[in-house]
Each structure stands twice: as C-alpha cells, then as structure tokens.
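Understanding the architecture of this molecule
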Amino acid sequence: TRTPVNVTVTGAAGQIGYALLFRIASGHLLGADVPVKLRLLEIPQGLKAAEGTAMELDDCAFPLLRGIDISDDPATAFDGTNVALLVGARPRTKGMERGDLLEANGGIFKPQGKAINDHAADDVKVLVVGNPANTNALIAQAAAPDVPAERFTAMTRLDHNRAVSQLAARTGAAVSDIKKLTIWGNHSATQYPDVFHAEIAGKNAAEVVNDEAWLADTFIPTVAKRGAAIIEARGASSAASAANAAIDHVHTWVTGTAEGDWTSMAIPSDGSYGVPEGLISSFPVTCAGGRYEIVQGLEINEFSRPRIDASVQELADEREAVRGLGLL
Ligand code: NAX
C-alpha cells in the first residue's frame, strides 16, 4: 500500500476550506488510490471550528483519509507536507489601502513560506488561493530559498473554468468540447481570458464567436468580475467553485493535462511572452510527470497584447510595493 501524501490546508475553518477538505479526503485531489493525511492550519480563533470540520471528516469514514492534525503553528502544519494549499488570507476590509492589504498578507505568507522552506517534504508543491494570490505566492516563495521556485503557484483555474463555462453558454458547445483557453496575468479584475488560441470542437473559438465586441464588452468583464457577481447574488464570496478549482489545479499539476489541451496556472515567469522574469503570472501550461511547462510559440495578436501587458504591469507594481515593504 502507498504511503499517505501529506496535504496542508491553511484557513481550514473558512468557507473554501469547508468545501475543499471533503473532496481532498475523498480522493479528488490526488486520485482514488492515494491515501492522504490532512494538516489543517488555522489562527487560534479558527481552531475550534477546524476541530468541528475534522469531526465531520471523521464521520464520513473516508477510506483514503489516514489522519487529521490541526495546528495554529506553521512549523507543525507544514512538517513533511507534500501539497500545501494556502487558502487563509487577510481579506480587504473597508478603508484598507492596497499597501495595508499587501503588508497584512506579508505577515501571513512570509512566515508560511519560511515554514515550508524549513519543514516541508522535498517534493512539496504549493498552491496559493488566498488573495492577492499571485503576490502572496511571490512573498512565500521569496521566504523559501531552498525550495525550487517553480513549486510556488497561484490559482487562476477558477477564472479559467469560468471562462470555459461562459464560452460554452455563448456558443451552445459542451464544456468538454472547449480546449486551450488561457487566462493571462493576475488573478484580479485585470486578468485576460484569451480565446484566440482556444478551440471549440476542434474549430478556432474566436472564429466561432466571430464577435470582438462581445469578447471586449461582455465575455472579458463577465469572467473578470464574476467574483463580485457571486458575492452580489449569494451574499458570500465564491467557495465551492473556488475549492473545485483548487482541486483541478493540483490534480492537473500532479496527473497531467490531456493530449491536445492545456490549462492556466499562475507560475513564476521565465520571461516568456514578455512577462518579466520572476513575476507569478498566469500562463497557458501543459503538465506531465508532476511538472508544468509554459506553452511556447503562440502568436499574440493586437487584441491580446495590451490586455496581457496591463495585467502583467499590475503584477509588476504589486512586486514593487511588496519590495518596498521589505517582503521580498
Ligand atoms: P474565509 O474568511 O471564509 O476563511 C479564511 C480562513 O482563513 C478563516 O478561517 C481564517 O481564520 C483563516 N486564516 C486567516 N489567517 C490565517 C493564517 N495566518 N493562517 C491560517 N489560517 C488563517 O475566506 P474564504 O472564503 O475561505 O476565502 C479564502 C481566500 O481565498 C480569500 O483570500 C479569498 O479572497 C480567496 N479567494 C481566491 C480565489 C482565487 O481564485 N484565487 C477565489 C475565491 C476566493 O475569493
């Protein structure tokens, strides 16, 4: 039998945590034959609720779940971890400036990066979900110099899935017929969902849509502002869909992309497509053997170029801001 994989979830008592943990424990993260041990990290105020969730996890009697540890100490929670899902973050509250937000999150992601550096397993893979996700990932990565930089990723898979769904609704295609969609840049309102290389049942998606005004004025803003629309409708931010995307992100990273398709992940740039090296920016990637690679050689047209550049510029500005705060 296989040794269990250690999966750490931070912010475990939050609403994404609640939607995420049961799917990890039931085998959707790593596969139906991979036993898991859960490590839940919370702040002291969150420990009791995390214990409640752990009781419910026990009550599911998941055959793959080999244990649950709960801690408010990052060194404990990341000890021997193979997969780290960094969900807990400091949300923006009323009157908070962007600099305050980055600083507050630096106070979370810097020590967590350090704990991953010092305690995680050699093969650790990190996904940052907590916002501002790309820059939080950069802060954690900078605090973990002994971990290969490419193991730090941030989540744009929810944006990717939202874009696939919107495109399917517009064209009447099945979601499963849509391939090679790309989210570029930051997980923020500046993100750019790109359909110019996407395919719908083998045909070029931009040609099938054949309506640049719809792309510019409806599709892109609908995808980019979907989080706000969910809050407006549900009275709470995306939780199950965000958890689902986190599952998809890691599952694809570990098990690979399908032949003839790719996915979107925010990863440290190697300079591809004019994205400054080191920024954690979303790219089209293929995955195989537990590694990802940026899809190369795509032609970036005049519609896409300024949109990618604007989102990347925002990431560069965030990097400058956290540098200024001494977080890098
Ligand atoms: P909740 O407020 O429900 O839960 C957050 C949890 O994190 C709380 O239980 C809190 O006690 C805990 N926490 C705070 N600081 C911590 C620390 N230092 N260590 C461990 N735990 C800590 O938020 P939820 O709705 O679950 O969202 C979590 C994060 O995901 C937010 O930052 C949110 O903005 C972000 N999102 C990111 C998305 C993405 O696509 N990348 C989409 C969904 C979501 O908005």
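The structure displayed is predicted, hence computed values, not measured ones.

1. Examining the pattern of salt bridges
- In total, this model carries seven salt bridges according to the counting rule given.
- One salt bridge connects Asp159 with Arg162, and the closest N-O pair in it is separated by 3.7 Å. One end of the pair is Asp159 and the other is Arg162, both in helix α6 (residues 157-171) and three residues apart, which spans about a single turn.
- Residue class for Asp159 comes out buried when judged on its relative accessible area of 1%.
- Residue classification places Arg162 among the buried residues on the basis of a relative accessible area of 12%.

2. Focus on the packing of aromatic side chains
- Tallying each qualifying case throughout the model produces seven aromatic pairs.
- On the basis of an interplanar angle of 75 degrees and a centroid distance of 5.0 Å, the ring pair of Trp184 and Tyr273 is categorised as edge-to-face. Taken as a pair, Trp184 in strand β8 (residues 182-184) and Tyr273 in the loop between β12 (263-268) and β13 (280-288) lie far apart in primary sequence, 89 residues in all.
- The buried category is assigned to Trp184, whose relative accessible area is 0%.
- Note on Tyr273: relative accessible area 13%, which makes it buried.
- Three or more aromatic residues joined by ring pairs make a cluster, and in this case those are Trp184, Tyr273 and Phe283.
- The lysine or arginine in question, Arg170, covers the ring of Trp214, its NZ or CZ lying 4.6 Å from the ring centre.
- Positioned above the aromatic ring of Phe303 is the side chain of Arg307, whose terminal nitrogen or guanidinium carbon lies 3.8 Å from the ring centre.

3. A short note on the UniProt feature "active site" (unreviewed entry) in the protein
- In this structure's numbering, the residues bearing the UniProt feature "active site" (unreviewed entry) are His187.
- With respect to the element layout, His187 can be found in the loop between β8 and β9 (192-194).
- Among all residues touching His187, those that are not within four sequence positions of it are Asn131, Asn134, Met155, Thr156 and Asp159.

4. Some remarks on the site of the ligand
- Neighbouring residues of the ligand: 22 residues in total, closest Gln15, Ile16, Glu42, Val129 and Asn131.
- Between the ligand and the protein, one listed contact pairs an oxygen atom with a side-chain N or O atom of Glu42 at 2.6 Å.
- The separation between an oxygen atom of the ligand and a polar side-chain atom of Asn131 is 2.8 Å.
- Protein chains bury 79% of the 880 Å² of accessible surface belonging to the ligand in isolation.
- Contributions of two or more residues to the shell around the ligand are made by α1 (15-25) and α4 (98-119).
- When grouped by side-chain class, the residues that make up the shell around the ligand number eleven nonpolar, ten polar and one charged.

5. Focus: the environment of Ala154
- Turning to its location among the elements, Ala154 is positioned in strand β6 (residues 152-154).
- Along the sequence, Ala154 and Leu279 sit 125 residues apart, while their C-alpha atoms lie 11 Å from each other.
- Ala154 has contacts with Leu127, Val128, Ala133, Asn134, Ala137, His249, Met265, Ala266 and Ile280, leaving out every residue within four places of it along the chain.

6. Topic: the side chain of Thr263
- The residue Thr263 is located in strand β12 in this model.
- Residue Thr263 is classed as buried on the basis of its relative accessible area, which comes to 4%.
- Side chain to side chain, Thr263 and Arg157 meet in a polar contact 3.1 Å long.
- Those residues in contact with Thr263, other than ones at most four positions away along the chain, are Arg157, His160, Thr252, Thr257, Phe283, Pro284 and Val285.

7. Here's the deal with α1
- Listed as buried for α1 are Ile16, Gly17, Leu20, Leu21, Phe22, Ile24 and Ala25.
- The secondary structure elements touched by the buried residues of α1 are β1 (5-10), β2 (36-41), α2 (47-59), β3 (65-71), β4 (83-86) and α10 (240-255).

Rules of the game
- Residues numbered from 1 in each chain as written.
- Predicted model: local features only at pLDDT ≥ 70, side-chain atom pairs only at ≥ 80, totals over all residues.
- Heavy atoms only, no water.
- Salt bridge = Lys/Arg side-chain N within 4 Å of Asp/Glu carboxyl O.
- Helix = DSSP H or I, 4+ residues; strand = E, 2+ residues; numbered from the N terminus.
- Buried < 20%, exposed > 50% of the residue type's maximum accessible area, 1.4 Å probe, protein only.
- Phe/Tyr/Trp six-rings, centres within 6.5 Å; stacked < 30°, edge-to-face > 60°.
- Lys NZ or Arg CZ within 6 Å of the ring centre and 35° of its normal.
- UniProt positions renumbered as here; feature names shortened; annotations may be inferred.
- Contact = heavy atoms within 4.5 Å.
- Near = heavy atom within 4 Å.
- Polar contact = N/O pair within 3.5 Å; in protein donor to acceptor, adjacent residues only side chain to side chain.
- Areas by Shrake-Rupley, 256 points an atom, 1.4 Å probe, with all protein chains shown as cover.
- Nonpolar A, V, L, I, M, F, W, Y, C, P; charged D, E, K, R; others polar.

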